[in-house]
Amino acid sequence: MLRAVIWDVDGTLAETECDGHRVAFNRAFAELDLPWHWDVSTYGRLLRVAGGRERLLAWIDTAPSAPQDQMARERLASTVHQHKARHYHDLVGQGLIAARPGVIRVSEELARAGIALAVATTTGHGNVDALFPHLFGARWRDRFAAAVCAEDAARKKPDPQVYQVALARLNLGEDDALAIEDSPAGLHAALASGVCCLVTRGSYFAHEDFSGASHVCADLDHASEASEHGLARIDLPALRRIHAGGRAKLDSDSDPG
Ligand code: XBP
Ligand code: MG
C-alpha cells in the first residue's frame, strides 16, 4: 500500500541545475579567479557525477591550470564548493526557480490524503533550506516527514543509501513507498533500495534510458507516456496505480520461483 512518496530534489521538484547550480559554480570560479566556465552542455556531461564536490574533483582532474597535488585539489574543490553554495543560496533566494509542473498540486493532494512526503537528495541541507520556502512556503518542514540530504548519506546516488535512510526515518518498508526522480542515477538508487520509481524527465536527462522505472513521463502535468495507464496527468489515483504496478513488477522480478 502506498504510504509515502520520496521526492528527489534537483531536476525533479525544480529545474535547479542549469540556471541554479551551474550558474553558481561559474560565479564561484570567477570569484576565485579560476579560468573555468561550465556551459550548458559541459555541465550536462559533468552531471553524471552525483555531488557537486565530487563533480568538481572530476573536472579538476582534467582542468587546465589545476593543482598537481591531490591534497591541493581536494582543498580547492572544498573551497570552490563553499563559494558555490553561497551563490546558489543567493540565486534561489531570489525566488527565480519555480517548482516543476504538477509538483505543488500533487504534493498538496498527497498531504490531504495523509500520504507521507520525504526528500532523498544528493544536495546539501543548506541548498534545500534555501530552495524549499520558495517552492512550498515558509512552513515547508510541516509538509515533509523527512529530508535526507548529502550530510545524512555519504554515499551518493546511484548508491541506495539516501533512500535507505529515508525509509528508516519514515519507519516504513520499501514496498510502502514510491520514489519520484529525474535522472538515471536517481532511478538506480531508488531501485537498489527496493523502492519503485516514477521518472519525470528533467531537461538534462530528457533522452536517457529509464528501464526499470515503474512509469516515465514528461512531468506530473503531462503524463503523455502514460497511455498504457490511460492517464491525462499524474494524481493520487494514478500514483497508487503506478506504485501497485511497480511493486508487482519488482516482486515478480525478485521471485526465485
Ligand atoms: C543532484 C546533484 C547535486 C546537485 C548539486 O541532486 O547531484 O549534487 O547537482 O548540489 P539530486 P551540491 O539527488 O537532488 O538530483 O553542489 O550540493 O552537491
Ligand atoms: Mg535529481
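The structure this text deals with has already been given above.
Residues numbered from 1 in each chain as written. Chains lettered and ligands numbered in written order. Predicted model: local features only at pLDDT ≥ 70, side-chain atom pairs only at ≥ 80, totals over all residues. Heavy atoms only, no water.

**Details of the overall build of the protein chain**
Item 1. Along the protein chain, the regular secondary structure elements total nine helices and six strands.
Item 2. A compact globule built from 257 residues should have a C-alpha radius of gyration of about 18 Å, and the protein chain, at 18 Å, falls within 12% of that.
Item 3. Each of the three principal axes of the protein chain carries a C-alpha extent, and together these read 55 × 45 × 35 Å.
Item 4. Here the protein chain, with 257 residues, has 52% of them falling under the buried criterion.
Item 5. Sequence separation of at least 24 residues holds for 64% of the intrachain contacts in the protein chain that already meet a minimum separation of 6.
Item 6. Only carbon and sulfur atoms are counted for the fraction: they give 51% of the accessible area of the protein chain, which is about 11100 Å².
Item 7. Between the mean site of the 27 positive side-chain charges and the mean site of the 35 negative ones, the protein chain shows a separation of 3 Å. (Helix = DSSP H or I, 4+ residues; strand = E, 2+ residues; numbered from the N terminus. Rg over C-alpha atoms; globule rule 2.2 N^0.38 Å. Buried < 20%, exposed > 50% of the residue type's maximum accessible area, 1.4 Å probe, protein only. Contact = heavy atoms within 4.5 Å. Areas by Shrake-Rupley, 256 points an atom, 1.4 Å probe, with all protein chains shown as cover. Lys, Arg positive; Asp, Glu negative; His and termini not counted. Charge placed at Lys NZ, Arg CZ, Asp CG, Glu CD.)

**Section: the pattern of salt bridges**
Item 1. In this structure the tally under the stated criterion is 15 salt bridges.
Item 2. Linked by salt bridges that have partners in common, Asp 8, Lys 157 and Glu 181 make up one network. (Salt bridge = Lys/Arg side-chain N within 4 Å of Asp/Glu carboxyl O.)

**Structural notes on the site of ligand 1**
Item 1. Every one of the 19 residues lining ligand 1 counts as a neighbour, but Glu 17, Gly 52, His 81, Lys 84 and Thr 121 are closest to it.
Item 2. Here Lys 84 contributes a side-chain N or O atom positioned 2.7 Å from an oxygen atom of ligand 1.
Item 3. Side-chain polar atom of Thr 123 to an oxygen atom of ligand 1: 2.8 Å apart, as the coordinates give it.
Item 4. With the chains in place, 94% of the 440 Å² that ligand 1 exposes on its own is no longer accessible.
Item 5. Where the shell around ligand 1 is concerned, the elements lending two or more residues are helix 1 (17-31), helix 3 (52-60) and helix 4 (70-93).
Item 6. For the shell around ligand 1, the per-class residue count stands at four nonpolar, nine polar and six charged. (Near = heavy atom within 4 Å. Polar contact = N/O pair within 3.5 Å; in protein donor to acceptor, adjacent residues only side chain to side chain. Nonpolar A, V, L, I, M, F, W, Y, C, P; charged D, E, K, R; others polar.)

**Describing the state of the cysteines**
Item 1. All chains considered together, the criterion is met by zero disulfides.
Item 2. Cysteine Cys 197 shares no disulfide, and the gap to the nearest cysteine sulfur, in Cys 196, comes to 8.0 Å.
Item 3. By relative accessible area, Cys 197 is classed as buried at 0%.
Item 4. Distance from the sulfur of Cys 217, which forms no disulfide, to the nearest cysteine sulfur (Cys 197) is 11 Å.
Item 5. On the accessibility criterion, Cys 217 (0% relative accessible area) is buried. (Disulfide = S-S within 2.5 Å.)

**Considering the coordination of the magnesium ion (ligand 2)**
Item 1. Looking at the magnesium ion (ligand 2), the protein donor atoms are Asp 8 (OD), Asp 10 (O) and Asp 182 (OD), and they sit 2.1 to 2.2 Å from it.
Item 2. All donors to the magnesium ion (ligand 2) come from one chain, and their sequence spacing reads D-x1-D-x171-D. Pair noted here: Asp 10 is in the loop between strand 1 (4-7) and helix 1 and Asp 182 is in the loop between strand 4 (177-181) and helix 8 (184-192), with a separation of 172 residues, a long-range link.
Item 3. On the accessibility criterion, Asp 10 (11% relative accessible area) is buried. (Donors = N, O, S within 2.8 Å, 3.2 Å for Na, K, Ca; no water.)

**Description of the environment of Ser 78**
Item 1. Residue position: Ser 78 is located in helix 4.
Item 2. Its relative accessible area of 23% is what places Ser 78 among the partly exposed residues.
Item 3. For the pair Ser 78 and Thr 122, spaced 44 residues apart in sequence, the C-alpha to C-alpha distance is 16 Å.

**Concerning helix 8**
Item 1. Three or more residues of helix 8 are buried, namely Pro 184, Gly 186, Leu 187, Ala 189 and Ala 190.
Item 2. Contacts made by the buried residues of helix 8 are with helix 7 (161-170), strand 4 and strand 5 (196-200).
Item 3. Positive phi appears at Gly 194, one or two residues downstream of helix 8, with a value of about 90°.

**What to know about the sheet that holds strand 6 (residues 215-217)**
Item 1. Spatial strand order, 3-2-1-4-5-6: six strands in an open sheet with parallel pairing. Each edge of the open sheet is held by one strand with a lone partner, namely strand 3 (146-148) and strand 6. Between one strand axis and the next, the sheet turns through 20° on average, direction left out of account.
Item 2. Bridge count between strand 1 and strand 2 (residues 116-120): four bridges; the pairing is parallel. Across the sheet, residue Ile 6 finds its bridge partner in strand 2, namely Ala 118.
Item 3. Docked against the sheet, helix 5 (residues 103-112) engages strand 1 and strand 2, running at close to 150° with respect to strand 1.
Item 4. Where helix 8 meets the sheet, its contacts fall on strand 4 and strand 5, and the angle it forms with strand 5 comes to roughly 165°. (Pairing = 2+ DSSP bridges. Axes fitted to C-alpha atoms, helices over the stretch in contact; angles between N-to-C directions.)

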